[in-house]
Amino acid sequence: MEVITRIENGIGRITLNRPQALHALNTDMCRQMSEALTEWANDANVKMLMIDHAEGTRGFCAGGDIRMVAESGRQDGKAGEDFFRIEYTLNIQIKRFPKPYIACLDGVTMGGGVGISIHGSHRIATEHTLFAMPETGIGLFPDVGGSWFLPRLEGELGTWLALTGARLKGRDVLAAGIATHFVASGKLPEVKARMLAGEAPDAVLADYTEGPQAPTYAEHLDIINHCFSRPTITDICLALKMADDDWASAQADILKTRSPLSMAVSLEQLRRGARMATFEDIMRMEYRIACHIIRTYDFSEGVRAVIEDKDHAPKWSPETPAGVTKAMVEAMFDPVAEELAL
């Protein structure tokens, strides 16, 4: 089974078990998790939920089944729409879940893996945690509620992470506010065992969690806040080039490799998300973007270059941010025939 759900001593347990894909989510996995949350939210015998990945395997969850979504987008897009509808419904269920939701992020946590963890009450990082939202590199956008949590990180940290796909490791994931706790990986089995024995999660974590340290990106925060607060991708790139800083120049070089359309959509997505009052509105917006963007040339080309052919040389259209019009971006936010039902 690619996802294992069960109840142990009053704890609903979800274990991701698709190691050959670093536990990336497919439609059936999301559906099974959604059904479990529906049942456990209303079961008085279930006191909390714990999600992890199978022991002895790498990663926590590397994202979603992007290859399938791209293949769908090249046809009628229906299978891709189904995947996002179920996945986003699951994200909303996690956000609404009325009991402690313990996510053990002991490994790669990207894209869809962020969506099944960050909206829960307890997110445990270890030295193995590797966080990223790398979607602009394949012509997609930082979804699964990225419009909610990314603009609410410190300053423009979320904008930098969304546009560049920058990776945060270990304690940096805690410092950014993406994780709520940091526990050494060797202690994680003890943490889980005590919770499964019935101890309260906060009491257990108090015995093991280690405090935050200055993140490795701290020295760059002024540049991040100054440059990534600009209103357009072109302005951001120009500000980075004018910063007269090697790190800023490296970020500008990274942006040159990302889909210009995807970056423009992502920037607009985060700016709108920062102003939205409810998570449900956020997810309705993201579903609209997803339905449109999976049918674009850039998404198909990005998946071809990174996942299928692996030449890592996508040919974007438009080729530069200057070629992306306001109408192109606005079209990604248009209503769809079947809106996300909540």
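Visitor: What should I look at first to understand the sheet that holds strand E7 (residues 130-132) in this one?
Guide: Within a beta sheet, neighbouring strands are joined by backbone hydrogen bonds and run either parallel or antiparallel to one another. Ordered in space as E5-E7-E8, the 3 strands form an open sheet in which the pairing is mixed. Because the sheet does not close on itself, it has two edges, and the strands there are strand E5 (108-110) and strand E8 (168-169). Summarising the sheet, E7 and E8 pair through 2 bridges and their orientation is antiparallel. Among the inter-strand pairings, Phe-131 is bridged to a residue of E8, identified as Leu-168.

Visitor: Please explain the sheet that holds strand E4 (residues 101-105) as it appears in this structure.
Guide: Reading across from one edge, E1-E2-E3-E4-E6-E9 is the order of the 6 strands in this open sheet, with mixed pairing throughout. Because the sheet does not close on itself, it has two edges, and the strands there are strand E1 (3-8) and strand E9 (181-182). Where strand E6 (residues 122-125) lies against E9, 2 bridges are found, and the strand directions are parallel. Of the residues in E9, the one forming a bridge with Ala-125 is Phe-182. Most of the contacts of helix H9 (residues 201-208) go to E6, to which it runs at about 25°, and overall it touches strand E3 (48-53), E4, E6 and E9.

Visitor: Can you help me understand unusual backbone geometry in this one?
Guide: The bulk of non-glycine residues show a negative phi, and the bulk of peptide bonds are trans. For the peptide bond that leads from Ser-317 to Pro-318, omega is 0°, which places it in the cis range. Along the chain, Pro-318 falls in the loop between helix H15 (297-308) and helix H16 (326-331). Backbone geometry places His-23, a non-glycine residue, at a positive phi of 65°. Mapped onto the elements of the fold, His-23 is located in the loop between strand E2 (11-16) and helix H1 (27-41). The residue Val-144 is not glycine, and still its phi comes out positive at about 45°. Among the structural elements, Val-144 can be located in the loop between E7 and helix H5 (146-149).

Visitor: Any chance you could explain the packing of aromatic side chains here in plain terms?
Guide: Aromatic ring pairs are reported here in terms of the distance separating the ring centres and the angle at which the planes meet. Here the structure, examined in full by the defined rule, presents 7 aromatic pairs. Here the aromatic rings of Phe-97 and Tyr-101 are separated by 6.3 Å at their centres, their planes lie at 75°, and the arrangement is edge-to-face. Just as Phe-97 is buried, Tyr-101 falls in that class too. When the ring of Trp-160 is compared with that of Tyr-217, the centres are 6.2 Å apart and the planes differ by 55°; the resulting orientation is tilted. Here Trp-160 is found in helix H6 (residues 157-164), whereas its partner Tyr-217 is found in the loop between H9 and helix H10 (221-227), with 57 residues between them in sequence. The rings of Phe-83, Phe-84, Tyr-88 and Tyr-287 are connected pair by pair, giving a single aromatic cluster. Note that Lys-95 overlies the ring of Phe-279, its terminal NZ or CZ placed 5.6 Å from the centroid. The ring centre of Trp-148 lies 3.9 Å from the NZ or CZ of Arg-152, which sits over that ring.

Visitor: Even after reading the chapter, I still don't get the nonpolar core, so can you show me in this structure?
Guide: When a protein is soluble and globular, its nonpolar side chains tend to lie buried together. Counting 96 residues, the largest nonpolar core has Leu-16, Ile-116, Trp-160 and Leu-161 as the members making the most contacts within it. Not counting residues within four places of it along the chain, the set of residues in contact with Trp-160 comprises Gly-165, Ala-166, Leu-168, Tyr-217, Ile-224, Phe-228, Trp-247 and Gln-251. If you look at the next biggest cluster of nonpolar residues, it comprises 14 residues, including Ile-124, Val-183, Leu-188 and Leu-205.

Visitor: What am I meant to see in the pairing of E3 here?
Guide: The side chains of a regular strand alternate between both faces of the sheet. The buried fraction of E3 amounts to 6 of the 6 residues, a majority that puts the element mostly inside the structure. The two faces of E3 match: Met-48, Met-50 and Asp-52 on one face and Leu-49, Ile-51 and His-53 on the other face are all buried. For E2 and E3, the ladder comprises 6 bridges, and the chain directions are parallel. Its bridge partner lying in E3, Gly-12 is registered against Leu-49.

Visitor: Help me out: how do you make sense of the pairing of E1 in this one?
Guide: Summarising the sheet, E1 and E2 pair through 6 bridges and their orientation is antiparallel. Pairing of Arg-6 across the sheet is with Arg-13, part of E2.

Visitor: So what exactly am I meant to see when it comes to the pattern of salt bridges here?
Guide: It is possible for side chains bearing opposite charge to pair when their charged atoms get close. Taken as a whole, this structure holds 24 salt bridges when the rule is applied. Salt-bridge contacts for Arg-13 lead to Glu-8; the nearest nitrogen and oxygen are separated by 3.5 Å. Overall, the relative accessible area of 9% leaves Arg-13 in the buried class. Linking Asp-309 and Arg-304 is a salt bridge whose minimum nitrogen-to-oxygen distance equals 3.0 Å. One salt-bridge network, held together by shared partners, links Arg-6, Glu-8, Arg-13, Asp-52 and Lys-192.

Visitor: Whenever I open this one, the environment of Thr-27 confuses me. Can you help?
Guide: You can see Thr-27 is positioned in helix H1. Residue class for Thr-27 comes out buried when judged on its relative accessible area of 16%. Remark: the alpha-carbon pair of Thr-27 and Thr-257, spanning 230 residues in sequence, is separated by 30 Å. If sequence neighbours within four positions are ignored, Thr-27 has contacts with Met-68, Phe-83 and Ile-86.

Visitor: Explain the side chain of Thr-126 here, please?
Guide: Within the secondary structure, Thr-126 is located in the loop between E6 and E7. Using a relative accessible area of 0% as the deciding quantity, one classes Thr-126 as buried. A distance of 2.5 Å separates polar atoms of two side chains, one belonging to Thr-126 and the other to Asp-106. Among the polar contacts made by the side chain of Thr-126, one reaches the main-chain amide nitrogen of His-128 at a distance of 3.0 Å. Excluding residues that lie within four positions of it along the chain, Thr-126 makes contacts with Leu-105, Asp-106, Gly-170, Phe-182, Val-183, Ser-185 and Leu-188.

The rules behind each value
Residues numbered from 1 in each chain as written. Predicted model: local features only at pLDDT ≥ 70, side-chain atom pairs only at ≥ 80, totals over all residues. Heavy atoms only, no water. Pairing = 2+ DSSP bridges. Helix = DSSP H or I, 4+ residues; strand = E, 2+ residues; numbered from the N terminus. Contact = heavy atoms within 4.5 Å. Axes fitted to C-alpha atoms, helices over the stretch in contact; angles between N-to-C directions. Phe/Tyr/Trp six-rings, centres within 6.5 Å; stacked < 30°, edge-to-face > 60°. Buried < 20%, exposed > 50% of the residue type's maximum accessible area, 1.4 Å probe, protein only. Lys NZ or Arg CZ within 6 Å of the ring centre and 35° of its normal. Core = buried A, V, L, I, M, F, W, Y, C linked by side-chain atoms within 4.5 Å. Salt bridge = Lys/Arg side-chain N within 4 Å of Asp/Glu carboxyl O. Polar contact = N/O pair within 3.5 Å; in protein donor to acceptor, adjacent residues only side chain to side chain.

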